[in-house]
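Chain by chain, the residues:
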Amino acid sequence: METPLAFTFCCLLLLTPQGLSRGYTENYNYNYDDASTYQDYEEVIEDAPNFLARSQTFKVEVGQSVIIPCDVENAGVNKLIIKKIPSNGGREKLISVGSERVIRDSRIAVDGSRLTITDTRPRDAGTFLCTFEMEPPIQLKHTLDVQFAPTIKALDPPEQHVPKGSTVTLECRAQGNPEPVIRWSRQESPLPSNLPTEGNTLTLEGLDHHVEGTYLCTADNGIGESASAAMSITVDYPPEIITEKTIVRTGEGDTVELACIVKGRPSPDVTWTKDDHPLPDTDMDTKLYIPERQNNSFDSYTAHLRPAHAAHAGYAAHTTAHFALPHATHRHIFTIKNVSEKDFGAYVCIARNNYGQKEAVIQMTGMPESPQVTSTPTGGESTRYTLTWVTESYYPITDFIIKYRRSHLGAWQTNQTMVLAGSWKTVSRSVEAARGTHNTTTNTTTTHSMVFTLDDLDVATDYVAVILVRNKYGWSDESPHFSFSTKKAMAVLHSTSGARRVSTLPTILLISILATI
């Protein structure tokens, strides 16, 4: 049978894409008895789908649930398709078609036009597309932002040994949503004031033991708990040495400990020499030193030290040198038993490690120590002055020398002249024959107290004196300069006995005032 032309045309029209996408419904009435007659044509247009929700951004913390709404009206026979574009820019993923879930993830459920995600994870973040694939497409976009607590990772080794004076940069990397802030701190004490407290990196310059320790980088973004990573900095440095005494005074038959305090990293090897010859290891010992008073800054070594084992009582630790004490410091001891004269001399303590070498010299001698004057500076007699002093010597003092002279006043007088210092005068005596001397020793037989009176001094005059003493091994160093004066009240009496007359009352008042000084 031959197909009518009008029927063929209408069928082709229904098969065109425009006809499909616009939802045409076409009713045709044909009089098949008369194919040439066109009776009626009617076109009906259906409404397109319309989303009821607006585009939104959903912010949830990891582990929470979220509903992505794709509510629509007039969907008709068209199927809703939901897709996801990952936030990291990955490939687009198909989530569901109609009520059928395509993605294999049990946490995701599709109920009509709504997508529910339970127990959200960071990978769920992205852009969700509610789509009807028509021409043109009808689409609704939602954004899911999954916030999570920070994690942090140190990009440097957990422990670093670095040379003193070098520069080190510590670096950390953090992840989290929102973007975390990284803050720096030090476990043992506050950061040095010149260092920044925020940022991915921390640079330490001119390293020494004051800045070593464990550094923490901490990430925080307000979600959950903050996270930290630790990096330890240990500063290696050459040896440093101080001696408990630079001069040790002793005598025959005594037992002596020569001690030097050593620190360094790595821990230095210590040896002893005398006259450039190494000394036997059997006479050496090492003790750990612990400061009695220790502050956090380790700024100075104050001589308040206590050995782990008791030291020789005659050689207690003392020093005025600055010597920091970070971590372990050791007392290295060389012991000499039954001292003889041949043992006197210079002993050298030598400390070595990978970064250098340091030496300290201890002089062991039988000669006396420099005297220390103990008398009062103001004399009580007009033309005499009595000097008293003490000195340390293992052997008896046999001789002494006193040198003295008038002091230099250092000021112009009213007659435009300057009083100059007098020349040195010397008194030399043996202890046994010295007139006016007295020598006593303590029960330790090392401290000697002595006294001598200087005669024929000027009235009311300032003097300066130094003293030396000798035992059988030689002379001591000079004592520190000691200033003293004869009785000054007599100067007023002498001035009033001259040819020039002065008022009696003022003179008496002046004498009274001076006598009370």
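Residues numbered from 1 in each chain as written. Predicted model: local features only at pLDDT ≥ 70, side-chain atom pairs only at ≥ 80, totals over all residues. Heavy atoms only, no water.

**Let's talk about the sheet that holds strand E22 (residues 269–274)**
At step 1: A sheet is described by the order of its strands in space; here five strands give the open sequence E20-E28-E27-E22-E23, paired in mixed fashion. The open sheet has two free edges, formed respectively by strand E20 (247–249) and strand E23 (277–278), since each of these has just one partner strand.
At step 2: Strand direction decides the pairing type here: E22 and E23, joined by two bridges, are antiparallel. Across the sheet, the residue bridging to threonine 273 is proline 278, located in E23. (Pairing = 2+ DSSP bridges. Helix = DSSP H or I, 4+ residues; strand = E, 2+ residues; numbered from the N terminus.)

**Focus on the pairing of strand E27 (residues 345–353)**
At step 1: Within E27, seven of the nine residues are buried, which leaves the element mostly enclosed by the surrounding structure.
At step 2: With six bridges joining them, E22 and E27 adopt antiparallel strand pairing. Paired with threonine 271 across the two strands is isoleucine 350, which belongs to E27.
At step 3: Examined bridge by bridge, E27 and strand E28 (residues 356–365) share nine bridges and lie antiparallel to one another. (Buried < 20%, exposed > 50% of the residue type's maximum accessible area, 1.4 Å probe, protein only.)

**Focus: the state of the cysteines**
At step 1: Taken as a whole and judged by the stated rule, the model has three disulfides.
At step 2: Disulfide partner of cysteine 70: cysteine 130, at an S-S distance of 1.8 Å. Its torsion about the S-S bond being -45°, the disulfide of cysteine 70 and cysteine 130 is classed as left-handed. Here the residue cysteine 70 occupies a position in the loop between strand E5 (66–69) and strand E6 (72–73), and cysteine 130 occupies one in strand E12 (residues 126–132), the gap between them amounting to 60 residues.
At step 3: Each disulfide pairs two cysteine sulfurs, and for cysteine 172 the partner residue is cysteine 217, the sulfurs being separated by 1.9 Å. Its S-S torsion of approximately -75° makes the covalent link between cysteine 172 and cysteine 217 left-handed. Linking cysteine 172 in strand E15 (residues 168–177) with cysteine 217 in strand E18 (residues 213–220), this pair joins segments that are 45 residues apart in sequence. Just as cysteine 172 is buried, cysteine 217 falls in that class too.
At step 4: Regarding the disulfides, the chain carries the connectivity 1-2, 3-4, 5-6 under sequence-order numbering of its bonded cysteines. (Disulfide = S-S within 2.5 Å.)

**Re unusual backbone geometry**
At step 1: Note that the residue after glutamate 135, namely proline 136, is joined by a cis bond; omega there is 0°.
At step 2: Its place among the elements puts proline 136 in the loop between E12 and strand E13 (138–154).
At step 3: With omega at 0°, the peptide bond leading from arginine 265 into proline 266 counts as cis.
At step 4: Considering the arrangement of structural elements, one finds proline 266 in the loop between strand E21 (256–265) and E22.

**Observations regarding the packing of aromatic side chains**
At step 1: The full count for this structure, using the stated rule, is twelve aromatic pairs.
At step 2: The interplanar angle of 20° and the centroid separation of 4.2 Å between the aromatic rings of tyrosine 385 and phenylalanine 484 together place this pair among those described as stacked. Here the residue tyrosine 385 occupies a position in strand E30 (residues 385–392), and phenylalanine 484 occupies one in strand E37 (residues 482–485), the gap between them amounting to 99 residues. Like phenylalanine 484, tyrosine 385 is buried.
At step 3: On the numbers, 5.5 Å between centres and 15° between planes, the contact of tyrosine 463 with phenylalanine 484 is stacked. (Phe/Tyr/Trp six-rings, centres within 6.5 Å; stacked < 30°, edge-to-face > 60°.)

**Focus on the environment of serine 479**
At step 1: Positionally, serine 479 belongs in the loop between strand E36 (474–475) and E37.
At step 2: Judged by relative accessible area, which is 4%, serine 479 ranks as buried.
At step 3: Distance in space between the C-alpha atoms of serine 479 and isoleucine 467 is 5.3 Å, their sequence separation being twelve residues.
At step 4: In this structure serine 479 touches Ser370, Pro371, Val466 and Ile467, once residues within four positions along its chain are discounted.
At step 5: A polar atom in the side chain of serine 479 sits 2.9 Å from the backbone nitrogen of isoleucine 467. (Contact = heavy atoms within 4.5 Å. Polar contact = N/O pair within 3.5 Å; in protein donor to acceptor, adjacent residues only side chain to side chain.)

**Side note on the side chain of arginine 331**
At step 1: Along the polypeptide, arginine 331 turns up in strand E26 (residues 329–336).
At step 2: Looking at arginine 331, its side chain comes within polar contact range of the side chain of glutamate 244, at 2.5 Å.

**Quick word on the environment of glutamate 92**
At step 1: Among the structural elements, glutamate 92 can be located in the loop between strand E7 (81–86) and strand E8 (93–97).
At step 2: For the pair glutamate 92 and leucine 129, spaced 37 residues apart in the sequence, the C-alpha separation amounts to 9.9 Å.
At step 3: For glutamate 92, the residues in contact, after removing those within four places along its chain, are Lys83, Lys84, Ile85 and Leu129.

**Some points on the pattern of salt bridges**
At step 1: Summed over the entire model, instances satisfying the criterion amount to 19 salt bridges.
At step 2: Aspartate 119 is paired through a salt bridge with arginine 121; the nearest N and O atoms lie 3.9 Å apart.
At step 3: Here lysine 403 ties to glutamate 478 by a salt bridge, and the two come within 3.0 Å at their closest N and O atoms. Of the two residues, lysine 403 sits in strand E31 (residues 399–406) while glutamate 478 sits in the loop between E36 and E37, which places them 75 residues apart along the sequence. (Salt bridge = Lys/Arg side-chain N within 4 Å of Asp/Glu carboxyl O.)

**Quick word on the confidence of the model for the chain**
At step 1: Residue-level pLDDT values for the chain average 79, and 73% of them are 70 or greater.
At step 2: Predicted confidence for residues 434–438 stays below pLDDT 50, and this span has 14 contacts to residues more than four positions away or in other chains. (pLDDT = per-residue confidence, 0-100.)

**Description of the sheet that holds strand E10 (residues 108–111)**
At step 1: Strand order in the open sheet formed by three strands is E5-E11-E10, with antiparallel pairing between adjacent strands. The outermost strands of the open sheet, each flanked by one partner alone, are E5 and E10. Between one strand axis and the next, the sheet turns by 20° as a mean value, whatever way the strands run.
At step 2: Strand direction decides the pairing type here: E10 and strand E11 (residues 114–117), joined by four bridges, are antiparallel. Bridge pairing links aspartate 111 to arginine 114 in E11. (Axes fitted to C-alpha atoms, helices over the stretch in contact; angles between N-to-C directions.)

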